[in-house]
Amino acid sequence: MNTVYPVILCGGSGTRLWPLSRKSYPKQFVPLIGETSLLQDCAERMRGPSDNPYAKPLILTNEAFRFVVPEQLTAIDVDPGPILIEPEGRNTAPAVLAAALYLAAGDPEAVMLVAPSDHVIPDNSAFHQAVSEGLQAIGARGDLVTFGISPDRPETGYGYLKLNHAPDGSSAAVPLDRFVEKPDLESAKSMLADGSYLWNSGIFLFAARDIIAAFEQYSPALIEPVKQAVSGAKTDLGFLRLDAEAWATVEDISIDYAVMEKATNLSVVPYSAGWSDVGSWSAVQELTNPDANGVATTGEVTAIDCRNVLVRSESSSQQVVAMGLENVIAVAMPDAVLVASMDKAQDVKQAVAALKAKGAKQAESLPVDHRPWGWFESLVIGDRFQVKRIHVHPGASLSLQSHHHRSEHWIVVEGTAKVTIDDDVRLISENQSVYIPLGAVHRMENPGKVPMVLIEVQTGSYLGEDDIIRYEDIYARN
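Residues numbered from 1 in each chain as written. Predicted model: local features only at pLDDT ≥ 70, side-chain atom pairs only at ≥ 80, totals over all residues. Heavy atoms only, no water.

Student: With reference to specific residues and values, describe the UniProt feature "domain: MannoseP isomerase/GMP-like beta-helix" (unreviewed entry) in the chain.
Tutor: The feature "domain: MannoseP isomerase/GMP-like beta-helix" (unreviewed entry), as given by UniProt, occupies residues 299-355 in the numbering adopted here. Between the end C-alpha atoms of residues 299-355 there is a gap of 25 Å, over a span that is 14% helix and 47% strand. (UniProt positions renumbered as here; feature names shortened; annotations may be inferred. Helix = DSSP H or I, 4+ residues; strand = E, 2+ residues; numbered from the N terminus.)

Given below as structure tokens:
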């Protein structure tokens, strides 16, 4: 049997789950349902069945997330395969073609299982069985296979797949008649009653050579620039950076428009074992095990006399109390709170646009800023001072740097820090502190086996993150 290569698309920056999901750290990296992130759940699913595991996953992501992806996968003991860095977002068609060209060069018989990183599929065994059904269609006819979700409501937020006939209850692949755009409510009701329509999951299975041939036939203009981007890719700290100049000429287009809606060798595997693209807070409510009154809560929440609500507290020190609410979404973050009617769940992106228009940093940035070495959180910001909590992973190191406008005090509260200040290098243990004068060339490292946490107090005339002059950086940041 040909090897199945999972291809995980991990470059999205959705706004429909604001304030938890933001451009700086979107929903695929967030533990929306349970303790692990959607990316981690996807990677776990993409290990394949225990008796026939899949190859290491190929990940496509962007510059902003290149260190977050391996960090999250390593945390669940998933060893990623190649991580391709897209210089800029160009939608799913170029990403899939780049993955196909890369895989085919190493294994001409490669089979690709392409999936977004931000979907919820709770039954891994049922998913693996559906993939097995799709593999039979590939082996017998060389089909391009997609997975259609059995609808349970007249949904207007998804595209649909029209089958030649209604599914007979089996999971065998069936021919696809056509793709259907997101419908209005009346059309969605009609399609649900018809029985021969499935939701388009955006998950695909095909041989790399077959999808390349489909691109050559239906979207030939994509072939040459994507080939150049892959052939001109450069290795950087274990990542593979697609050539930026070639990638800039690639059309921004989805794989549905570029290939799938034009191809004739399409099959659909019906799937009814549970799926969600988690595209709104109302979807999160459904997945959070609401009680008999439709009350779904996460974190430090007390709900009294409420019905059909989702209430979340994203801070262990923040108590959220909901009383007498009905059909309401309430999500509390340390720096922003969303309160919305449940029927406005699909419109949250309008709130993000409004915040961006007024220049609010909360529109796109979280209070926790993730970096290759760990993360930091701003605790207090005042006139000419700022207090941060900084978490450094074991073995990680910040860049050797200096500042024009600020000095810093570091107080270690957990672990041990190796501190460089000009020519002085010393170890700072818990409850010890050190002063970094303005202009001093300095660095902090975590030489230990446990996380190192310190409190940083900055003082100066300008405290922005762009006041950094880097001299050395193990993460190759400019």
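From this point, the discussion proceeds with the structure in view.
Student: Describe helix H11 (residues 348-357), listing the residues and the values that go with them.
Tutor: Helical periodicity: at 3.6 residues per turn, an α-helix aligns residues three or four positions apart in one direction. Looking only at H11, the buried set comprises Val348, Val352 and Leu355. When H11 is viewed along its axis, its buried side chains cluster within an angular range of 65° and face the same direction. Structural note: H11 exposes Gln350 and Ala357 on the side pointing more than 90 degrees away from its buried face. The secondary structure elements touched by the buried residues of H11 are helix H10 (281-287) and strand E17 (337-341). The first or second residue beyond H11 is Gly359, which carries a positive phi of 80°. (Buried < 20%, exposed > 50% of the residue type's maximum accessible area, 1.4 Å probe, protein only. Arc of directions from axis to C-beta. Contact = heavy atoms within 4.5 Å.)

Student: Could you give me a rundown of unusual backbone geometry, with the residues and numbers involved?
Tutor: Most of the time, phi is negative for any residue but glycine, and the peptide bond is trans. Each neighbour pair has its own omega, and for Trp18 with Pro19 the value is 10°, a cis peptide bond. A positive phi is found at Asp305, a non-glycine position, where the angle reads about 55°. Even without glycine at this site, Asn431 takes up a positive phi of about 75°. Considering the arrangement of structural elements, one finds Asn431 in the loop between strand E24 (424-428) and strand E25 (433-436). On the basis of relative accessibility, which here comes to 73%, the residue Asn431 falls in the exposed class.

Student: I'd love a proper account of the UniProt feature "domain: Mannose-6-phosphate isomerase type II C-terminal" (unreviewed entry) in the chain, names of residues and values included.
Tutor: UniProt's entry tags residues 369-473 with the feature "domain: Mannose-6-phosphate isomerase type II C-terminal" (unreviewed entry), counted in the numbering of this structure. The annotated region residues 369-473 carries 0% helix and 60% strand content, and the separation between its end C-alpha atoms amounts to 18 Å.

Student: Let's hear about the packing of helix H3 (residues 92-106) against helix H6 (residues 208-218): which residues, and what values?
Tutor: In contact at an axis separation of 9 Å, H3 and H6 are set at 130° when each is read in the N-to-C sense. When the axis of H3 is compared with that of H6, the two are oblique. You can see that H3 and H6 cross each other, and the crossing is left-handed. Of H6, the residues touching H3 (which contributes Ala93, Val96, Leu97, Ala100, Leu101 and Ala104) are Ala208, Ile211, Ile212 and Phe215. Taken together, the residues of the contact of H3 with H6 sort by class into 10 nonpolar, no polar and no charged. (Axes fitted to C-alpha atoms, helices over the stretch in contact; angles between N-to-C directions. Parallel < 35°, antiparallel > 145°, perpendicular 65-115°, else oblique. Left-handed = near helix turned anticlockwise from the far one by under 90°. Nonpolar A, V, L, I, M, F, W, Y, C, P; charged D, E, K, R; others polar.)

Student: Can you lay out the sheet that holds strand E16 (residues 326-332) for me, pointing to particular residues and giving the numbers?
Tutor: Here four strands make up an open sheet; going across it, the order is E12-E14-E16-E17 and the pairing mixed. What marks the edges here is a single partner per strand, and that holds for strand E12 (295-298) and E17. Taken pair by pair, the neighbouring strands of this sheet meet at an average axis angle of 5°, ignoring direction. The sheet contact formed by E16 and E17 spans five bridges and is antiparallel. For Val328, the partnering residue across the bridge sits in E17 and is Ser341. (Pairing = 2+ DSSP bridges.)

Student: Describe the sheet that holds strand E20 (residues 385-392), and please don't skip the residues or the numbers.
Tutor: In a beta sheet, neighbouring strands are held together by backbone hydrogen bonds and run either parallel or antiparallel to one another. Strands sit in the order E18-E19-E20-E27-E22-E25 across an open sheet of six strands; the sheet is antiparallel. Every interior strand has two partners, whereas the edge strands, strand E18 (368-371) and E25, have only one. Taken pair by pair, the neighbouring strands of this sheet meet at an average axis angle of 20°, ignoring direction. Both E18 and strand E19 (residues 374-382) contribute to a ladder of four bridges, which runs antiparallel. By the bridge assignment, Arg371 is partnered in E19 with Gly374.

Student: Any details on the packing of aromatic side chains? Residues and values, ideally.
Tutor: Under the definition given, this model contains nine aromatic pairs. Ring plane angle 40° and centroid distance 5.6 Å describe the contact between Tyr25 and Phe29, whose orientation is recorded as tilted. Each of the two residues, Tyr25 as well as Phe29, counts as buried. Ring plane angle 35° and centroid distance 6.3 Å describe the contact between Phe127 and Phe147, whose orientation is recorded as tilted. Residue Phe127 is located in helix H4 (residues 124-141), and its partner Phe147 is located in strand E5 (residues 144-149); the two are separated by 20 residues in the primary sequence. The class of Phe127 is buried, set by a relative accessible area of 3%. One aromatic cluster is present, built from ring pairs that chain together Tyr25, Phe29 and Phe65. Over the face of the ring belonging to Tyr197 we find Lys162, whose NZ or CZ atom lies 5.5 Å from the ring centre. The ring centre of Phe376 lies 4.0 Å from the NZ or CZ of Lys388, which sits over that ring. (Phe/Tyr/Trp six-rings, centres within 6.5 Å; stacked < 30°, edge-to-face > 60°. Lys NZ or Arg CZ within 6 Å of the ring centre and 35° of its normal.)

Student: So, helix H2 (residues 68-75): which residues are in play, and what are the values?
Tutor: Turning to H2, its buried residues are Val68, Val69, Pro70, Gln72 and Leu73. Buried residues along H2 sit against helix H1 (38-45), strand E2 (58-62), strand E3 (83-86) and strand E10 (239-241). Among the residues trailing H2, Asp77 stands out with phi positive, at a value near 60°.

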